[in-house]
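Read off the chains here:
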Amino acid sequence: MFDKQTYIGRFAPSPTGPLHLGSLYTALASFLDAKSQQGLWLLRIDDIDTPRNIKGAAEQILRTLAVFGLYWDGAVSYQSQSQNYYEAALQSLKRDQMLYACQCSRKTLANDERCYCRYKSLDLSIPYAYRVKTAALEIGFKDQLQGWIDDNNREQVDFVLKRKDQIFAYQFTVVLDDHLQAVNHIVRGYDLLASTTKQIYLQMLLGLSMPNYMHVPIILDSQGFKLSKQTLAEGVDINKPERLIYKLLGLLKQNPPVELERTSVDEQLDWAIRHWNPKALTNIQSVKV
Ligand code: GLU
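Rules used in this analysis
- Residues numbered from 1 in each chain as written.
- Predicted model: local features only at pLDDT ≥ 70, side-chain atom pairs only at ≥ 80, totals over all residues.
- Heavy atoms only, no water.
- Near = heavy atom within 4 Å.
- Polar contact = N/O pair within 3.5 Å; in protein donor to acceptor, adjacent residues only side chain to side chain.
- Areas by Shrake-Rupley, 256 points an atom, 1.4 Å probe, with all protein chains shown as cover.
- Nonpolar A, V, L, I, M, F, W, Y, C, P; charged D, E, K, R; others polar.
- Core = buried A, V, L, I, M, F, W, Y, C linked by side-chain atoms within 4.5 Å.
- Buried < 20%, exposed > 50% of the residue type's maximum accessible area, 1.4 Å probe, protein only.
- Helix = DSSP H or I, 4+ residues; strand = E, 2+ residues; numbered from the N terminus.
- Contact = heavy atoms within 4.5 Å.
- Disulfide = S-S within 2.5 Å.
- Phe/Tyr/Trp six-rings, centres within 6.5 Å; stacked < 30°, edge-to-face > 60°.
- Lys NZ or Arg CZ within 6 Å of the ring centre and 35° of its normal.

Trainee: I keep staring at the site of the ligand and nothing clicks. Help me out?
Mentor: The environment of the ligand is formed by Arg10, Ala12, Ser14, Asp46, Tyr170, Val174, Arg188 and Leu192. Between a nitrogen atom of the ligand and a side-chain N or O atom of Ser14, the distance comes to 3.1 Å. For the ligand, whose accessible area on its own is 300 Å², the fraction buried by protein is 77%. Of the residues belonging to the shell around the ligand, the class tally is 4 nonpolar, 1 polar and 3 charged.

Trainee: For this particular structure, what's the right way to read the nonpolar core?
Mentor: Ranked by size, the top nonpolar core spans 44 residues in total, and within it Leu24, Tyr25, Leu65 and Leu70 carry the most contacts. Put simply, the parts of the chain that give this core at least two residues each are α1 (21–35), β2 (40–45), α2 (57–67), β10 (212–216), α7 (241–251) and α8 (265–275). If one sorts the elements of this core by residue count, α1 sits on top with 9 residues. Excluding residues that lie within four positions of it along the chain, Leu65 makes contacts with Phe11, Leu19, Leu24, Ala27, Trp41, Leu43, Leu70 and Trp72. One finds Leu93, Phe168, Phe172 and Ile200 within the second-largest nonpolar core, a separate group that totals 31 residues.

Trainee: Quick question: what am I supposed to make of the state of the cysteines here?
Mentor: Note on terminology: disulfide describes a covalent bond linking the sulfur atoms of two cysteines. One pass over the full model with this rule turns up 0 disulfides. There is no disulfide at Cys115, and the cysteine sulfur nearest it, in Cys104, is 3.7 Å away.

Trainee: Got a minute to help me understand the packing of aromatic side chains in this structure?
Mentor: Geometry of an aromatic ring pair is reported as the spacing of the ring centres plus the angle between the planes. Under the criterion given, the structure shown has 6 aromatic pairs. With a centroid separation of 6.1 Å and 35° between ring planes, the pair formed by Phe168 and Phe172 is classed as tilted. Just as Phe168 is buried, Phe172 falls in that class too. Among the aromatic residues, those joined into a ring-pair cluster are Tyr85, Tyr86, Phe168 and Phe172. Across from the ring centre of Phe159, 5.8 Å away, lies the NZ or CZ of Lys198, which sits over that ring.

As structure tokens, then:
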């Protein structure tokens with residue numbers, strides 16, 4: 001489909017609320033990284049977790065990205081349209097005996113009781129949650145900003161691929177979607193770093209290639225809390241996009257010249273693509289607004 005050399009990046013927001021400063025920060029970083037390497041920047045709406053979706057949020061996210069000049073390549077894709085694909089991948093892992101049904105309640109697991117379902121051989125045709133069997137493999141990867149990351153010291157936990165409510169889990173869908181879209185560069189927030197070895201494990205099981213990873217800092221509010229939709233971080237103000245882009249470039253440690261504050265969004269992005277220097281974020285996990 002694409003030349004193997006083409007950089008294919010993506011931004012994959014969940015439509016659980018408006019874009020806040022933290023998500024726009026990640027969007028801008030992934031856009032600049034893709035565009036500075038003549039890459040494609042795809043947009044995927046991660047709307048698989050239907051109970052968490054907010055009506056109208058996806059449209060609002062698209063409008064906001066457009067106001068900030070962050071135009072995506074190609075059509076927007078929606079996870080909700082890939083259900084059959086996820087199901088087929090689940091079935092293939094089931095055939096390979098890499099899955100088991102789990103009937104533990106959230107409460108049991110929250111009380112730190114261990115799950116022994118792996119040894120119970122529950123009937124896989126009944127709608128329980130499905131977990132993937134993990135093995136004590138040494139999984140590691142070189143993050144472009146955070147260096148060598150592995151989970152060798154962590155206890156292996158068989159994680160959920162399909163939940164009891166029959167919704168496919170994030171770890172699973174993200175791996176399948178990125179493969180489906182031929183994504184080879186993932187730029188996202190540091191908060192997802194710990195998920196990456198799980199995702200690499202799934203790539204190995206499914207025989208998929210591993211993309212490059214770059215985990216950029218997350219934004220903390222003045223009290224040191226991560227800006228997130230869960231903590232009801234407010235949506236960005238779309239009225240003065242140049243001001244915000246300038247601010248974000250500062251938070252991305254790009255040292256934008258002062259004159260850039262008063263130019264148009266297009267000129268700002270043009271400057272930022274030409275000067276993009278992700279190395280300035282090396283080993284930084286969070287920045288305060
Ligand atoms: N949809 C995920 C989120 O909004 C991001 C997925 C990813 O970048 O891997 O947190």
